[in-house]
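# Coordinate analysis (summary)
What follows is the residue order along each chain.
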Amino acid sequence: DSGVTQTPKHLITATGQRVTLRCSPRSGDLSVYWYQQSLDQGLQFLIQYYNGEERAKGNILERFSAQQFPDLHSELNLSSLELGDSALYFCASSVGLGNTGELFFGEGSRLTVL
Amino acid sequence: GENVEQHPSTLSVQEGDSAVIKCTYSDSASNYFPWYKQELGKGPQLIIDIRSNVGEKKDQRIAVTLNKTAKHFSLHITETQPEDSAVYFCAVPPPYTDSWGKFQFGAGTQVVVTP
């Protein structure tokens, strides 16, 4: 158990809909990261928050947004969903800013868009 | 940005044999090189990492070697066991402080250990 909690574990929805994925980082970790894992793209970095502020951004679509709340949990919002958004979405956390430390991953949220 | 190439994409080994996975990267300023293991239905988990001031690090049956000159690092698993079957990812963090956290992961290696 990594200590990172993600909900929901599975989500099935239709194109055009909006979903919210939630992540609770390990106790004491200030950084939260979101990654997308699809079969043909591997693990793709989406965005990082550190202590409530956006710290780094990857190839995150404009239809996607995220935030980190004062209690350090984070939410990833995916809107106007398309079939290609079907993937595993992982949240990870770390103590510091991330360039020289371990990332602790949750078990992921599997999104299926029909 | 960082370019990370990982080979092979799949690796089948007999139980007890060794497995080696290699990653190459492009930015010479990178100084931290982790390997993650992802079991079916789970998130990736760090199994070993190395920093640029050493050339090799061992932890029981796994080891990582780093060649900074050639810009590659490798994961070595000896005496493989069925529980080593998983997908293994190398990762390279960005060297620039304004993009901390933008770990670039390799494409992954599916390792299958057959009894």
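Just so we're clear, the structure is a prediction, and the values are computed from it rather than from any experiment.

### Side note on the confidence of the model for chain B
Here chain B shows a mean pLDDT of 90. Residues at 70 or above account for 92%. The secondary structure element of chain B with the lowest average pLDDT is strand 10 (residues 104-105) of chain B, at 89, and the one with the highest is strand 2 (residues 10-14) of chain B, at 97.

### Considering the sheet that holds strand 7 (residues 62-67) of chain B
Residue and element names in this part refer to chain B. Strand order in the open sheet made by the five strands is 1-3-8-7-6, with antiparallel pairing throughout. Each of the sheet's edge strands pairs with one partner strand only, and the pair in question is strand 1 (4-7) and strand 6 (56-59). Looking at each pair of strands side by side, their axes are set apart by 15 degrees on average, direction ignored. The pairing of strand 7 with strand 8 (residues 72-77) spans six bridges and is classified as antiparallel. Bridge pairing in strand 8 places Leu66 opposite Phe73.

### Here's the deal with the pairing of strand 6 of chain B
Residue and element names in this part refer to chain B. Taken together, the four bridges between strand 6 and strand 7 define a ladder with antiparallel strand orientation. Its bridge partner lying in strand 7, Asp59 is registered against Ile62. Two successive antiparallel strands, strand 6 and strand 7, enclose a turn made up of two residues, where Gln60 displays a positive phi of approximately 55 degrees.

### What about the interface of chain A and chain B?
The interface of chain A with chain B comprises 21 residues on the first partner and 20 residues on the second. Buried area between chain A and chain B, both sides added, is near 1,800 Å², and the carbon and sulfur share of it is 57%. The interface formed by chain A and chain B includes zero salt bridges. Between the two partners, chain A and chain B, sit three residue pairs in polar contact (both at pLDDT 80 or more).

### Observations concerning the pattern of salt bridges
What the rule picks out here adds up to seven salt bridges over all chains. Residue Glu75 of chain A is joined to Arg22 of chain A by a salt bridge in which the shortest nitrogen-to-oxygen separation is 4.0 Å. Here the residue Glu75 of chain A occupies a position in strand 8 (residues 74-78), and Arg22 of chain A occupies one in strand 3 (residues 19-24), the gap between them amounting to 53 residues. Owing to a relative accessible area of 34%, Arg22 of chain A belongs among the partly exposed residues under this scheme. In this structure, the salt-bridge partner of Lys37 of chain B is Glu39 of chain B, at a minimum N-O distance of 3.4 Å. One network of salt bridges, in which partners are shared, links Arg63, Glu82 and Asp85 of chain A.

Reading the values: rules and limits
Residues numbered from 1 in each chain as written. Chains lettered and ligands numbered in written order. Predicted model: local features only at pLDDT ≥ 70, side-chain atom pairs only at ≥ 80, totals over all residues. Heavy atoms only, no water. pLDDT = per-residue confidence, 0-100. Helix = DSSP H or I, 4+ residues; strand = E, 2+ residues; numbered from the N terminus. Pairing = 2+ DSSP bridges. Axes fitted to C-alpha atoms, helices over the stretch in contact; angles between N-to-C directions. Contact = heavy atoms within 4.5 Å. Buried area = accessible area lost by both parts, 1.4 Å probe. Salt bridge = Lys/Arg side-chain N within 4 Å of Asp/Glu carboxyl O. Polar contact = N/O pair within 3.5 Å; in protein donor to acceptor, adjacent residues only side chain to side chain. Buried < 20%, exposed > 50% of the residue type's maximum accessible area, 1.4 Å probe, protein only.

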